[in-house]
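# Residue-level structure breakdown
Residue strings, one per chain:
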Amino acid sequence: MKLPDGLNVKKTKTILAIDVGTSAIKAVVWDAALGRPVAARSADNDSNVAGLPRGHHEQDPLRILARCRETMLGVLLDPAVVPSGVTAIAISGQMHGVLLVDRRLKPVTNLITWRDRRTADAPLPAGAAARTGCAPHPGYGGVTLGWLASHGSLPGDVTALSIAGFLAATLTGTAAMEPTHAASWGIMNLRDGGWDGDLIAALGIPASVLPGIRPSSCPLAPLLPECARELGLPADTLVCSPIGDAQAAVFAVAGSTDDTAILNLGTGGQLSVITKDFAVVDGLETRPMPPDAHL
């Protein structure tokens, strides 16, 4: 298993990993010396917001954050775990969804998830799939941001994040995206690795609300001191850039091999194959696959 760039396998004793799913929050502690998990915990994601208009699907990001903290603390308290040996936190999470935070990283919206269909009847831009790897779809963050902009609900002093990016931001103070989540919004140019200027202009999304895109499989920033104290972890614990749950599931089953098809059935489902080359195929999506391939 390839460790994130910047982590030395000889010095990395233990990694705390957490997945922020639509239906559940899951955490494991992985021992590098043993090459396997030594403890695991899970909790229901009970953050769905009730009473929304038809077709809307939102989750409370602060409730998700609380459940993440509970799950991380629970697994770190397992007798098999030595928290002082943890050197990194890895994060994966549900894709396509988006929330807005202010400059203090406080949510100003709920998480609008991939299950949201408020844009189902809205006209969607065409012709960008050769750059983005996919056509815009309802529930994809770029389309949702365009809908918010068209309804006057996208102020210029906010930052858009995935829910995994929000968790990472609260742990590090750094708001950023990485390619697997950025591409899941449908507005990232897979050819140059940045936001697609033509598409975000067509959707009416101010470039200022989009966070910087950081490389996958790399440290994002050290854990904030107050978070280290709360979790009982070393002050120099690194938080890695979160990756999409689809890519994480593929990597867990097939590593980086390109001779296997992987069927993942969660709240949603995907059938994926790794390819070393970038290509766009009608009827399929092309997504980034760390460290240097595509799905």
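Described below are features of the structure shown in this document.

### A look at the side chain of T113
Position of T113 relative to the elements: it lies in the loop between β7 (111–112) and α2 (129–132). A relative accessible area of 0% places T113 in the buried class. Ignoring anything within four residues of it in the chain, the contact list for T113 reads H57, E58, Q59, Q94, G97 and G139.

### Quick notes on the pattern of salt bridges
Considering all chains together, one arrives at 10 salt bridges under this definition. For the salt bridge of E70 with R67, the shortest nitrogen-to-oxygen distance reads 2.9 Å. With a gap of 3 residues between them, E70 and R67 both fall in helix α1 (residues 61–76), about one helical turn apart. For the salt bridge of R104 with D102, the shortest nitrogen-to-oxygen distance reads 3.7 Å. The structure contains a network of salt bridges with shared partners spanning D46, R63, R67 and E70.

### Structural notes on the side chain of R287
For R287, the position within the fold is in the loop between β15 (269–273) and β16 (288–289). Look at R287 and you get buried, because its relative accessible area is 16%. At a separation of 3.1 Å, a polar atom in the side chain of R287 contacts the side chain of E285. The residues contacting R287, other than those within four sequence positions of it, are M95, H96, Y140, A246, Q247, Q270, A293, H294 and L295.

### Structural notes on the environment of K26
By the element assignment, K26 lies in strand β2 (residues 24–31). Counting along the chain gives 16 residues from K26 to S42, while the straight-line C-alpha distance between them is 4.2 Å. For K26, the residues in contact, after removing those within four places along its chain, are A17, I18, D19, R41, S42 and T71.

### A short note on the nonpolar core
One recurring pattern in soluble globular proteins: nonpolar side chains tend to sit buried together. By size, the foremost hydrophobic cluster in this structure holds 37 residues, and its most contacted members are L16, L76, I91, L167 and L171. For this core, the secondary structure elements donating two or more residues are β1 (14–20), β2, α1, β5 (86–93), β6 (99–101), α4 (163–172) and α7 (225–231). The greatest single-element share of this core, amounting to 7 residues, is contributed by α4. If we skip the residues at most four places from it in the chain, L76 touches L16, V29, V81, P83, V86, L231 and L233. L100, W185, L190 and V209 belong to the second largest nonpolar core, which has 24 residues in total.

### Some details on the packing of aromatic side chains
Enumeration according to the criterion identifies 1 aromatic pair in this entry. Arranged with centres 5.7 Å apart and planes meeting at 20°, the rings of W185 and W195 form a pair that is stacked. Note that W185 is positioned in the loop between α5 (179–184) and β9 (188–189) and W195 in strand β10 (residues 194–195), a separation of 10 residues in sequence. Each member of the pair, W185 as well as W195, is classed as buried. Across the ring face of W114, the terminal group of R115 is positioned such that the distance to the ring centre comes to 6.0 Å. Here the basic side chain of R118 rests over the ring of W147, its NZ or CZ set 5.1 Å away from the ring centre.

Cut-offs used in this document
Residues numbered from 1 in each chain as written. Predicted model: local features only at pLDDT ≥ 70, side-chain atom pairs only at ≥ 80, totals over all residues. Heavy atoms only, no water. Helix = DSSP H or I, 4+ residues; strand = E, 2+ residues; numbered from the N terminus. Buried < 20%, exposed > 50% of the residue type's maximum accessible area, 1.4 Å probe, protein only. Contact = heavy atoms within 4.5 Å. Salt bridge = Lys/Arg side-chain N within 4 Å of Asp/Glu carboxyl O. Polar contact = N/O pair within 3.5 Å; in protein donor to acceptor, adjacent residues only side chain to side chain. Core = buried A, V, L, I, M, F, W, Y, C linked by side-chain atoms within 4.5 Å. Phe/Tyr/Trp six-rings, centres within 6.5 Å; stacked < 30°, edge-to-face > 60°. Lys NZ or Arg CZ within 6 Å of the ring centre and 35° of its normal.

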